[in-house]
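Here is how the chains run, residue by residue.
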Amino acid sequence: MKSFCVLVTLTTLVAKVSAHYVWPQLIVGGSNTSTWQYIRQTNNWQDLNPLTDVTSADVRCYDSAQSGTASTTTVAAGSTVGFTVSGNPSNLYHPVVNVYMAKAPAGTDVSAWDGSGTVWFKVYQISAVTDGGQTITFPATGLAQVTFNIPSATPSGQYLIRTEHIALHSASYYGGAQFYIACAQVQVTNGGTGTPGPLVAFPGAYTGNEPGILMNMYYPIPTSYTQPGPPVWSGAGGGSATTAPPTSTTAKTTTAATTTTTSTGSSGGTGPTAPQFGQCGGQGWTGPTVCTAPFTCKASNQYYSQCL
Ligand SMILES: *[C@@H]1O[C@H](CO)[C@@H](O)[C@H](O)[C@H]1NC(C)=O
């Protein structure tokens with residue numbers, strides 16, 4: 001009983017640590033562009049406060065109170081882009097990260113588009129890592145920027161790129177998870193012929209009751225973590241992964257939960273490699289399974305393995 005009380009007190013203290021951010025700069029060609037140059041200025045650009053209502057239209061780009069003066073920059077399919085983190089602390093805290101893209105309808109300039117409709121596909125994520133209830137860790141902790149590849153199969157055209165950091169330290173009650181969101185405007189060139197998917201809408205993708213959004217990360221420590229949203233688009237042409245994997249199948253206890261694929265940078269590895277924190281495996285995953293050196297592929301759960 002006593003240790004339970006101590007734990008509750010500690011948990012309360014931890015939950016009160018404030019952590020607030022914005023994503024002000026798009027990283028293009030390895031350089032930080034100017035603040036709010038290609039990223040729509042978000043409602044929290046001064047107070048840094050999170051969005052907590054996932055049913056609000058602001059869950060799209062969190063920019064309803066702003067005037068929309070961002071420019072559109074050009075990025076090649078297959079290239080690396082990113083978002084910088086700015087706030088207090090100046091790096092991510094108890095985070096999971098999702099990055100989505102959505103193509104502006106033909107004839108609509110992306111700068112005038114609100115991102116409505118079932119149009120968003122996920123291109124990147126950084127999940128939490130669990131080990132059956134002993135610990136939960138957040139590999140994105142401490143990042144001052146998040147970078148990822150525009151899938152080379154992405155068709156050319158104008159897109160919004162929406163990044164999302166979900167902070168889970170207060171997520172044990174409905175509406176407690178904190179969302180830090182921003183949208184960049186890009187023109188993708190040299191695109192491929194893939195069919196991005198599965199597609200989701202914002203609002204709509206989340207109810208707020210998902211096990212990866214409404215959760216107590218402290219006690220009891222979750223035995224697994226289910227990343228919110230659809231799986232990352234594999235870059236395949238079909239894009240026909242119409243159904244996300246079920247969140248709970250009868251846990252077929254594949255005990256060797258730490259499949260470690262060592263990246264041997266030297267062995268003429270012709271295929272693409274997954275970056276640090278990138279997905280490298282999991283049920284339904286058809287993307288790269290080898291990590292960029294020196295990272296190794298570790299399974300978080302049956303749906304998700306990550307380069308750590
Ligand atoms: C870009 O911004 C991030 C976040 O502020 C910072 O950590 C990084 O050093 C910057 N990169 C360059 C090249 O200035």
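Residues numbered from 1 in each chain as written. Predicted model: local features only at pLDDT ≥ 70, side-chain atom pairs only at ≥ 80, totals over all residues. Heavy atoms only, no water.

The name that an unreviewed UniProt entry assigns to the protein chain is lytic cellulose monooxygenase (C4-dehydrogenating), with the source organism given as Mycena albidolilacea. The heading Catalytic activity (unreviewed entry) in the UniProt record of the protein chain holds the text "[(1->4)-beta-D-glucosyl]n+m + reduced acceptor + O2 = 4-dehydro-beta-D-glucosyl-[(1->4)-beta-D-glucosyl]n-1 + [(1->4)-beta-D-glucosyl]m + acceptor + H2O." (UniProt positions renumbered as here; feature names shortened; annotations may be inferred.)

Visitor: Can you help me understand the overall build of the protein chain in this one?
Guide: Within the protein chain one finds two helices and 17 strands. Put simply, the protein chain has 308 residues, and 46% of those count as buried. Of the roughly 13700 Å² that the protein chain leaves accessible, carbon and sulfur atoms contribute 55%. (Helix = DSSP H or I, 4+ residues; strand = E, 2+ residues; numbered from the N terminus. Buried < 20%, exposed > 50% of the residue type's maximum accessible area, 1.4 Å probe, protein only. Areas by Shrake-Rupley, 256 points an atom, 1.4 Å probe, with all protein chains shown as cover.)

Visitor: Looking at this model, I keep getting lost on the sheet that holds strand 4 (residues 73–76). Mind explaining?
Guide: Sheets are built from strands that pair by backbone hydrogen bonding, the pairs being arranged parallel or antiparallel. Spatially, five strands are ordered 4-13-12-7-8 in an open sheet, and the strand pairing comes out mixed. At either end of the open sheet lies a strand with only one pairing partner, and these are strand 4 and strand 8 (120–126). This sheet shows a mean twist of 35 degrees between the axes of neighbouring strands, independent of strand direction. In this structure, strand 7 (residues 95–103) lies alongside strand 12 (residues 157–167), joined through nine bridges in antiparallel fashion. Opposite alanine 102, over in strand 12, you have leucine 160 as the bridge partner. (Pairing = 2+ DSSP bridges. Axes fitted to C-alpha atoms, helices over the stretch in contact; angles between N-to-C directions.)

Visitor: Is there a simple way to explain the site of the ligand in this structure?
Guide: Around the ligand sit Asn32, Thr84, Val85, Ala144 and Gln145, and those are all the residues in its vicinity. Between the ligand and asparagine 32, the relevant distance is 2.4 Å, taken from an oxygen atom to a side-chain nitrogen or oxygen of the residue. For the shell around the ligand, the residue count by class is two nonpolar, three polar and no charged. (Near = heavy atom within 4 Å. Polar contact = N/O pair within 3.5 Å; in protein donor to acceptor, adjacent residues only side chain to side chain. Nonpolar A, V, L, I, M, F, W, Y, C, P; charged D, E, K, R; others polar.)

Visitor: Can you help me understand the pattern of salt bridges in this one?
Guide: Two side chains bearing opposite charge may form a pair once their charged atoms approach each other closely. Under the counting rule described, the total for this entry stands at three salt bridges. Aspartate 114 serves as the salt-bridge partner of arginine 60, at 3.7 Å between the closest nitrogen and oxygen. You can see arginine 60 sitting in helix 2 (residues 58–61) and its partner aspartate 114 sitting in the loop between strand 7 and strand 8, a full 54 residues away along the chain. Close ionic contact of arginine 162 with glutamate 164 constitutes a salt bridge, the shortest N to O distance being 2.7 Å. With relative accessibility at 0%, the residue glutamate 164 sits in the buried group. (Salt bridge = Lys/Arg side-chain N within 4 Å of Asp/Glu carboxyl O.)

Visitor: Sorry if this is basic, but what is going on with the packing of aromatic side chains here?
Guide: The relative placement of two aromatic rings is captured by the distance of their centres and the angle of their planes. One pass over the full model with this rule turns up 10 aromatic pairs. Arranged with centres 4.9 Å apart and planes meeting at 80 degrees, the rings of tyrosine 100 and phenylalanine 202 form a pair that is edge-to-face. Note that tyrosine 100 is positioned in strand 7 and phenylalanine 202 in the loop between strand 13 (178–189) and strand 14 (261–262), a separation of 102 residues in sequence. Note on accessibility: tyrosine 100 and phenylalanine 202 belong to one class, buried. Between the aromatic rings of phenylalanine 179 and tyrosine 206, the centroid separation amounts to 6.0 Å while the plane-to-plane angle is 35 degrees, which identifies the pairing as tilted. Remark: tyrosine 206 occurs in the loop between strand 13 and strand 14 and phenylalanine 179 occurs in strand 13; sequence separation between them is 27 residues. Residue classification places phenylalanine 179 among the buried positions, given a relative accessible area of 1%. Across from the ring centre of phenylalanine 202, 3.9 Å away, lies the NZ or CZ of arginine 162, which sits over that ring. (Phe/Tyr/Trp six-rings, centres within 6.5 Å; stacked < 30°, edge-to-face > 60°. Lys NZ or Arg CZ within 6 Å of the ring centre and 35° of its normal.)

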